[in-house]
Amino acid sequence: MTSYLSWVSVIVGCISAPSVGTTNNSYLRPPLWKEIPVVSSLSDAYPPLWKDCPDKLSDYKIENGKYIINFWHYLERQGAYKILLNETAKYFEKFAPENEQNILWGLPIYHGWQYHTGRLADPTQRTDCGHKSGDHLCISVDSWWADLNFYLSAMPFLAAVDSGIMGIPSDNVTLLPPYKDQMSFCFNVSSCHSSFPEAMKKWNEFYQHLKSNSSSFDDLLKYLWAAHVSSLEVAHKNFHNRLRYYSKQEADFGRNWALFVDYLAPSLFPTTLIRIYEFQKVLPTRVLLSGDRPLFISDFTGFQKSVLLALNLLHIVHKYTGTLSFIVWKTFMKSEIARELFLEILEFILHYFN
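Residues numbered from 1 in each chain as written. Predicted model: local features only at pLDDT ≥ 70, side-chain atom pairs only at ≥ 80, totals over all residues. Heavy atoms only, no water.

What follows deals with the packing of aromatic side chains. Using the criterion set out here, one finds 32 aromatic pairs in the structure. Here the aromatic cluster, defined as three or more aromatic residues joined through ring pairs, consists of Tyr110, Trp113, Trp144, Trp145, Phe253, Trp257, Phe260, Phe269 and Phe279. Between the NZ or CZ atom of Arg77 and the centre of the ring of Trp72, over which it lies, the distance is 5.1 Å. In this arrangement the basic side chain of Arg119 is found over the ring face of Trp145, its NZ or CZ atom lying 5.4 Å from the centre. (Phe/Tyr/Trp six-rings, centres within 6.5 Å; stacked < 30°, edge-to-face > 60°. Lys NZ or Arg CZ within 6 Å of the ring centre and 35° of its normal.)

For the rest of this paragraph, the subject is the sheet that holds strand β3 (residues 173–175). Sheets are built from strands that pair by backbone hydrogen bonding, the pairs being arranged parallel or antiparallel. Read across the open sheet, the 3 strands follow the order β1-β2-β3; overall the sheet is mixed. Two strands close off the open sheet at either side, each with one partner strand: β1 (61–63) and β3. Adjacent strand axes in the sheet meet at a mean angle of 35 degrees when their direction is disregarded. Pairing of β1 with strand β2 (residues 66–69) involves 3 bridges; the strand directions are antiparallel. Bridged to Lys61 within β2 is Ile68. Sitting on the sheet, helix α6 (residues 154–162) touches β2 and β3, and the angle it makes with β3 is about 165 degrees. (Pairing = 2+ DSSP bridges. Helix = DSSP H or I, 4+ residues; strand = E, 2+ residues; numbered from the N terminus. Axes fitted to C-alpha atoms, helices over the stretch in contact; angles between N-to-C directions. Contact = heavy atoms within 4.5 Å.)

The next point concerns the state of the cysteines. Scanning all chains against the criterion turns up 2 disulfides. Covalent S-S linkage joins Cys129 and Cys138, the inter-sulfur distance amounting to 1.9 Å. Residues Cys129 and Cys138 are joined by a disulfide whose S-S torsion is about -85 degrees; by sign, that bridge is left-handed. With relative accessibility at 17%, the residue Cys138 sits in the buried group. What pairs with Cys186 in a disulfide is Cys192, and their sulfur atoms sit 1.9 Å apart. (Disulfide = S-S within 2.5 Å. Buried < 20%, exposed > 50% of the residue type's maximum accessible area, 1.4 Å probe, protein only.)

Turning our eyes to something else, we now look at the environment of Trp225. Considering the arrangement of structural elements, one finds Trp225 in helix α9 (residues 217–239). A relative accessible area of 7% means that Trp225 is categorised as buried. Here the alpha-carbon distance between Trp225 and Pro266, two residues 41 residues apart in the chain, equals 7.9 Å. Sequence-distant contacts of Trp225, that is, excluding residues within four places in its chain, are made with Val261, Leu264, Ala265, Leu268, Phe269 and Thr271.

A grouping of Leu295, Phe296 and Leu309 is seen on the molecular surface, where their side chains present a nonpolar patch of about 340 Å² in accessible area. By secondary structure assignment, the location of Leu309 is in helix α12 (residues 302–321). Given the relative accessible area of 37%, Leu309 is considered partly exposed. (Patch = residues over 30% accessible without salt bridge, like charges linked within 9 Å, V, L, I, M, F, W, Y side chains within 5 Å. Areas by Shrake-Rupley, 256 points an atom, 1.4 Å probe, with all protein chains shown as cover. Salt bridge = Lys/Arg side-chain N within 4 Å of Asp/Glu carboxyl O.)

Turning our attention to the confidence of the model for the chain. Per-residue pLDDT for the chain averages 90, and the proportion of residues at 70 or more is 89%. Within the model, pLDDT remains below 50 along residues 1–12, and this stretch shows 14 contacts once partners closer than five positions in the same chain are excluded. In this model, residues 15–36 is a region of pLDDT below 50 whose contacts with residues beyond four sequence positions or in other chains number 69 contacts. (pLDDT = per-residue confidence, 0-100.)

We now examine the environment of Ser163. Summarising the element assignment, Ser163 is placed in the loop between α6 and β3. For the pair formed by Ser163 and Tyr207, sequence separation is 44 residues and the distance between their alpha carbons is 6.6 Å. Those residues within four positions of Ser163 in sequence are excluded, and the remaining contacts are Asn204, Tyr207, Gln208 and Lys211. Here Ala160 takes part through its backbone oxygen, which lies 3.1 Å from a polar atom of the side chain of Ser163. (Polar contact = N/O pair within 3.5 Å; in protein donor to acceptor, adjacent residues only side chain to side chain.)

Note that Ser231 resides in helix α9. Judged by relative accessible area, Ser231 falls into the buried class, the value being 0%. A distance of 2.8 Å separates a polar atom in the side chain of Ser231 from a polar atom in the side chain of Trp203. Contacts of Ser231, omitting those with residues within four sequence positions, involve Tyr151, Leu152, Met155, Ala199 and Trp203.

With that out of the way, let us pick up the packing of helix α10 (residues 248–264) against α12. Here α10 crosses α12 at 75 degrees, and the two axes come no closer than 9 Å. Classified by the angle between their axes, α10 and α12 sit roughly perpendicular to one another. Facing α10, whose interface residues are Phe253, Asn256, Trp257, Leu259, Phe260 and Tyr263, α12 presents Leu308, Leu311, Asn312, Leu314, His315 and His318. Per-class residue counts for the contact of α10 with α12 are 8 nonpolar, 4 polar and no charged. (Parallel < 35°, antiparallel > 145°, perpendicular 65-115°, else oblique. Nonpolar A, V, L, I, M, F, W, Y, C, P; charged D, E, K, R; others polar.)

Now the structure itself:
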């Protein structure tokens, strides 16, 4: 039992460095970011080019009565998120004004970080897709980050259509396919249900609970994270080979980041606007290169370097304990007191060291 607690301590240390959170009772005891504002206006926390993205379905092309969305264009994919945020805003009014407590904010802000840091660009360098010197709004199908994000954008969006959130028939939206590997993706509600039934089921369950007046904030977080994890499980299997296009440093960061998300999920981290805005500041501001070493990357902040080291340490702990560390961590996070303490530590660290 002593060794179990030791591993728990290591994991808490690893995850605490790069993260932020608040207590599950945040509406009774305001977290630090509510006491000391981190942005002058909520719009300052929005993803890049947010105002240029479509904000209603009619902004997209219509063919044969169907909305056609190019998910391989940054503004169109981000626009799907924007519409999703708009259409679900009414369900979060009871938690805070201006849609700030909408827990779907994590998806577009994280996608905006991918765009801003060049992670949606073609890593093979064979095309100018996504590169600042070329078609910077293009999303490359060869990007590991972009492909994983597809599963966290297409499925949430189409499941929202399917569950009635958008107020249109479920067969009225079609996503354009990439130029290759079409079988690894889905492009409408029916094909997503057919190809990825478990993930779509989880997203539909989230929206059904979202529409229920009896669902608490923690209930919604539980179903959101279940859907999130389910989508990524499939994506990791389908796109692990994409990491070969990157430097070892970037590939390791991608794997370590994915592992970190697995550990973050049981804590029911609240993916609201300000929290995620602060959270993404600790992440690398560009794609890692072969010569990068965490402690000696001159254009990263000290905190960003610490995050890379913490993620490496988490990977080592996970590797040498097998599934034990993760099992212990999930057990630890089943305690509301433990989750609350963990999230308070995360918020404190981010606020004072970011």
